[in-house]
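# Analysis of the macromolecular model
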Amino acid sequence: MRLNSKQIVLYTGGKFLVEPIDASEIMTGVTWDSRTVKQGDLYVALPGERVDGHQFVEEAMKAGARGVLVTESPASAACIYARELGIPIIEVPNTFHAIEDLARAWRDFIGGKVVAVTGSTGKTTTKNLVRDVCASRFATVATVANQNNELGVPNTILAADPDTQVVIVEMGMRGLGQIRHLCSIARPDWGVVTNVGDCHMELLGSRENIVRAKGELFDELPPGSGKAFANFDDESSEAMVDGARLAEKGIEVVRYGFGAGEAEGARVWPEDVTLDAEGRAVFQLCERGFAKDAPREATLFDMEADARRAACHLSIRGEHNVANACAAAGVGIALGIPVEDVARALSESISETGRLETMVARDGFTVVNDAYNANPDSMRAALKMLSSMGVSGSRIAVLGDMGELGDVEVSCHEGIGEFAAALYDDKLLDELICVGELARHVHDAAQEGGMPPEALAHVTGIAGALELLEGRLAAGDVVLVKASRFMNLDRLVKGLVS
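The following refers to the structure shown. (Residues numbered from 1 in each chain as written. Predicted model: local features only at pLDDT ≥ 70, side-chain atom pairs only at ≥ 80, totals over all residues. Heavy atoms only, no water.)

## Description of the overall build of the protein
Put simply, the rule reads: Put simply, DSSP marks the helices as runs of H or I at least four residues long and the strands as runs of E at least two long, and each gets a number from the N terminus on. To get the radius of gyration, use the C-alpha atoms; to get the globule rule, take the number of residues to the power 0.38 and multiply by 2.2 Å. Between buried and exposed lies partly exposed: a residue is buried under 20% and exposed over 50% of the maximum accessible area for its type, with that area taken using a 1.4 Å probe on protein chains only. Note on contacts: a residue pair qualifies if any of its non-hydrogen atoms lie within 4.5 Å across the two residues. Values of accessible area rely on a 1.4 Å probe in the Shrake-Rupley scheme; residue burial ignores everything except the protein chains shown. His is not counted here, nor are the chain ends, while Lys and Arg score as positive and Asp and Glu score as negative. Just so you know, the charge point we use is NZ for Lys, CZ for Arg, CG for Asp and CD for Glu.
Counting its secondary structure elements, the protein contains 19 helices and 22 strands. Its C-alpha atoms give the protein a radius of gyration of 25 Å, within 12% of the compact-globule value 23 Å for 498 residues. Here the protein holds 498 residues, and the buried ones make up 56% of them. Looking at the protein alone, contacts between residues at least 24 apart form 69% of all its contacts between residues at least 6 apart. A total accessible area of about 20,600 Å² is found for the protein, and carbon and sulfur atoms account for 47% of it. Mean positive and mean negative side-chain charge positions of the protein (47 and 73 charges, respectively) differ by 5 Å.

Encoded structure:
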């Protein structure tokens, strides 16, 4: 962002409580946390139930903020300090809405491509892969961590400069209309949907509603110039494509995934997929049908003649991440990056904390930390990844409750138990520890599926899981820890590796 105080007043509908000495002074960033203020930032005072940002206005200015947005006049000492330094204090009706308004206005100054990423699972990992592919060639800004809501999306837009070439925006969803609203801020040129799962069932009530909610991203792409990146392996993908009337709007669909080689048009798919001893995928990355690669006079048949391939060895774990890598590859290839360079960037991309992050404890055993979040699809994928890892000791899964599943929460947890029992029967899982109230259903289903008592346990909390594992783990063992975020199983990970 590069806006002066007059522009900020114009775009937010605000008014000066304290006039600036120099109304042309540019502010170069936005923050609502006084602890993270950088020189030249606009500090936005957000009200909260426990902490009110208006209490930290003076602190933010002393840290380097060159402007302040408020909904009420701050303390007199802060106003005096602002007048002494000529720092504008701008009053707006709602500071939350003001951040969105600034992002909507700033979006007009961004000349680069804005790419939005959403999905029931894998959206943060896919966003990171898209970021790393694009950053290998272009000036790129992307959503930090999973800041994908009404604050995170505008913050990503405001973090871009006019010369930023690619902006990647992750979009979360809590209900119908949510993604449409976020699109009104970011106005994406291209959109990626990773998949549609059951993780929002409690919020939306049916899979059909989840499809509608995720499909809002495709609905909001610009006619004639937009691109939709659709997971060919997801049964809901074509419903979203058809529902958004993409063909009618002249929006190109790029299909990706394991089966996408059989699709029409531009597509990206993997061949010869194997997993190494660490559960990382090795494959041939293939692409075909991208019109940009064809001579101007080429026919569609000419473009279909040969696929281009490049060897790819992911650094992140899990076969499920192959599809996410193909999605990122599709974006990169559509931007003109050669498939060989795309494969190289994908191979160098690493996972974030809490997402299949591998740690080695002092006693020599390995902990795979996937405690950031969970739903049935990602839980199965993590178990499959664990089962693929080459180990000299035991494979142990510590699984906690999954949230937001509504009326299907019992059956979803039971399904994970059945899946774990099948892995045990195939000698791909040695022990299962279930943590939490809902995880009791995982335990019971695994028991009914044939897992014996010596390989199976249920505890109510983290302390019980640590007690079970204490002194039992040895070099060569691998422990997977996964649950929804509210279970705080990251504390279990810390307990195991500290």
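Read on for the rest.
## Re the pairing of strand β15 (residues 280–288)
Let me state the cut-off plainly: Only strands that DSSP links by at least two bridges are regarded as paired with each other.
Bridge count for strand β14 (residues 267–275) against β15 is seven bridges, and the pairing is antiparallel. Bridge assignment links L275 to a residue of β15, and that residue is A281. From the end of β14 to the start of β15, which pair antiparallel, there are four residues, and G279 there has a positive phi angle of about 80°. When β15 meets strand β16 (residues 308–317), the two strands line up antiparallel, connected through seven bridges. Paired with Q284 across the bridge in β16 is A311.

## A few points about the nonpolar core
Worth spelling out the cut-off: As used in this record, nonpolar core signifies buried Ala, Val, Leu, Ile, Met, Phe, Trp, Tyr and Cys residues forming a set joined through side-chain atoms within 4.5 Å.
Core analysis: the largest hydrophobic core is formed by 53 residues, its most contacted members being L42, L69, I157, M171 and F218. In this structure M171 touches A116, V117, T118, K123, N148, V153, I179, L182, C183, A186 and P188, once residues within four positions along its chain are discounted. Within the second largest apolar cluster, 39 residues are counted, among which are V115, V254, A327 and V339.

## Digging into the sheet that holds strand β5 (residues 41–44)
The condition that has to hold: Note on method: axes are straight lines fitted to C-alpha atoms, helices fitted across the in-contact stretch only, with angles between N-to-C directions ranging 0 to 180 degrees.
An order of β2-β7-β6-β5-β4 is seen for the five strands of this open sheet, with the pairing classed as mixed. Of all strands in the sheet, those bounded by a partner on one side alone are β2 (15–18) and β4 (29–31). Neighbour to neighbour, the strand axes of the sheet diverge by 30° on average, direction disregarded. Where strand β6 (residues 67–70) lies against strand β7 (residues 89–91), three bridges are found, and the strand directions are parallel. What sits directly across from V68, in β7, is I89. The strands touched by helix α3 (residues 76–85) are β2 and β7; relative to β2, the strand with the most contacts, the crossing angle is about 95°. The strands touched by helix α4 (residues 95–107) within the sheet are β5 and β6, with β6 carrying the most contacts at an inclination of about 125°.

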